[in-house]
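# Observations on the three-dimensional arrangement
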Amino acid sequence: MEPESVTKADFDEIVDRLTAFWGERDLSPIHHPMFIHEFGDSAFLMRDEHGGVAAYLFGFVVPSQALAYVHLLAVRDDQRGRGLARMLYEHFERLAQERGCDRIKAITTPDNAASIAFHRAIGMDSVEVPDYAGTGRARVVFSAHLRE
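Computed from a predicted model, the values in this text were never measured in an experiment.

## A few points about the packing of aromatic side chains
The description of an aromatic ring pair uses the distance of the two centres, along with the angle that the planes make with each other. Per the counting criterion, the structure on display carries nine aromatic pairs. Seen from their ring centres, Phe 21 and Tyr 56 are 5.0 Å apart, and the 75° between their planes marks the pair as edge-to-face. In this pair, Phe 21 is assigned in helix α2 (residues 18–22) and Tyr 56 in strand β3 (residues 53–62), connecting sequence segments 35 residues apart. An identical accessibility class is assigned to Phe 21 and Tyr 56; each is buried. Relative to Phe 39, the ring of Phe 35 has its centre 6.1 Å away and its plane inclined at 35°; by these criteria the two rings are tilted. Three or more aromatic residues joined by ring pairs form one cluster here, namely Phe 11, Phe 21, Phe 35, Phe 39, Tyr 56, Phe 58, Phe 60 and Tyr 69.

Calculation rules
Residues numbered from 1 in each chain as written. Predicted model: local features only at pLDDT ≥ 70, side-chain atom pairs only at ≥ 80, totals over all residues. Heavy atoms only, no water. Phe/Tyr/Trp six-rings, centres within 6.5 Å; stacked < 30°, edge-to-face > 60°. Helix = DSSP H or I, 4+ residues; strand = E, 2+ residues; numbered from the N terminus. Buried < 20%, exposed > 50% of the residue type's maximum accessible area, 1.4 Å probe, protein only.

What follows is the structure, given as structure tokens:
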């Protein structure tokens, strides 16, 4: 099983099934189609045994900062525990290195214990930044140097 690029049809499937990835949290506003149309070469997915989207990562690189940024990473609730998120991260990290990045970054909310545990487990440093997303809206910022 290898990561694949996300197509528009895949994006539509993801958006139509957000609750299978995110539960009852409404994250539709941050699933913008620009991640396929403008940054599609850094959006990847893993498929399940039936060809459906099992997990996905939407990211982009910032060449001027040699930075790779993971905007969204999700694994469908019935596909968790199979290492899909880690595989997607590793794939994205290789792409980022090929594009000259030496750092990777992601953010989450302070109450997202699963995301915090995952990012720490893959070796990312974290710091909670007050007001990161606006007044009273703290975020946990993860960062790591890409491995050579």
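More follows now that the structure is in view.
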